[in-house]
Amino acid sequence: MAIEITLLGTGSPIPDPLRAGPSTLVRAGGQTLLVDCGRGVLQRAAAVGVGPNALDALLLTHLHSDHIADLGDVIISRWVTTFTEQVPLPIIGPPGTAEVVSATLKAFGFDIGYRIAHHADLNEPPPLEVSEHVDGQVWNRGGVSITARPTDHRPVEPTIGFRVSFEGNSVVLAGDTVPCSGLDELARGADALVHTVIREDLVEQIPMQRLRDICDYHSSVQQAGATAQRAGVGTLVLTHYVPALVPGQEDQWRALAAEEFDGRIELGDDLLQVTVG
Ligand SMILES: [Zn+2]
Ligand SMILES: [Zn+2]
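The structure reproduced in this document is the subject of the present report. (Residues numbered from 1 in each chain as written. Chains lettered and ligands numbered in written order. Predicted model: local features only at pLDDT ≥ 70, side-chain atom pairs only at ≥ 80, totals over all residues. Heavy atoms only, no water.)

### Section: the sheet that holds strand β4 (residues 57-59)
1) Next: If you walk across this open sheet you meet the seven strands as β6-β5-β4-β3-β2-β1-β14, and the pairing is mixed. Sheet topology places β6 (128-132) and β14 (273-276) at the edges, where each strand pairs with a single neighbour. Going from strand to strand, the sheet's axes swing by 20 degrees on average, the running direction of each strand aside.
2) Next: Sheet topology note: the strand β1 (residues 3-9)/β14 ladder contains four bridges and is antiparallel. Each bridged residue has a counterpart across the sheet, and for E4 the counterpart in β14 is T275. (Pairing = 2+ DSSP bridges. Helix = DSSP H or I, 4+ residues; strand = E, 2+ residues; numbered from the N terminus. Axes fitted to C-alpha atoms, helices over the stretch in contact; angles between N-to-C directions.)

Written out as structure tokens, the structure reads:
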């Protein structure tokens, strides 16, 4: 049976008029899973008819701001747009996730208080179920299984990637990482690998040392291609472009991935859907 990937945001920390922040929707077996919640995630989700109250779980690859920028929006908007019984939102991430979620609830404490005071049917703060993982199975419901493995985004750590499996098909969300054994194992034989990419050749032309610094802990397009090739992945989906993919440069990015990977390559744009199985 199919697993459907929808790229909700393919941008990076730098605001981009065409790309929301890093976020990917994965739908399988009637479940709707959100992986990371970058800037603008709920607007993009609305464009494919998914409201925050439809989410079965939120998965976080790491706690960099671009990946959690709209965490508060997801939590609060889900709470206020649920008109039936409030179902706790599972939030699955690396160690530190509970602290971030708790601080987010505190940041929205006034709002939560206003709404509880004003709406008779909102009596409790948003119900959440936070769990922290670095390795192993993190989800097993209704035939959908999710495994996490450590990735390598040092000095940011711990970071994790996810593999979502359903009825013989699998998709992998790498998050931000350099090539590493954890990702190789996670991606082995997957139908699709969604991978963050950076182009050092373009970054070097930008007079911003802070941007150059991040080349150390993101994969180049070629490295993403090589990971996909080693793992024997069916489709490589590029996302989280640094710097932003300028219209007209698509062939360059694709060619760089194709230097290492001979499978299908999808250049991610916001709202691109890739279905496997
Ligand atoms: Zn990051
Ligand atoms: Zn990032």
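### Brief notes about the pairing of strand β12 (residues 235-242)
1) Next: For β12, the tally of buried residues reaches eight of eight residues, placing the bulk of the element in the interior.
2) Next: Pairing between strand β11 (residues 192-198) and β12: seven bridges, direction parallel. Across the sheet, the residue bridging to V197 is Y241, located in β12.
3) Next: Crossover handedness for the path β12 to helix α10 (residues 250-258) to strand β13 (residues 264-267): right-handed. (Buried < 20%, exposed > 50% of the residue type's maximum accessible area, 1.4 Å probe, protein only. Right-handed = clockwise from strand over helix to strand, strands pointing away.)

Don't take any of this as a statement about function, it's just geometry.
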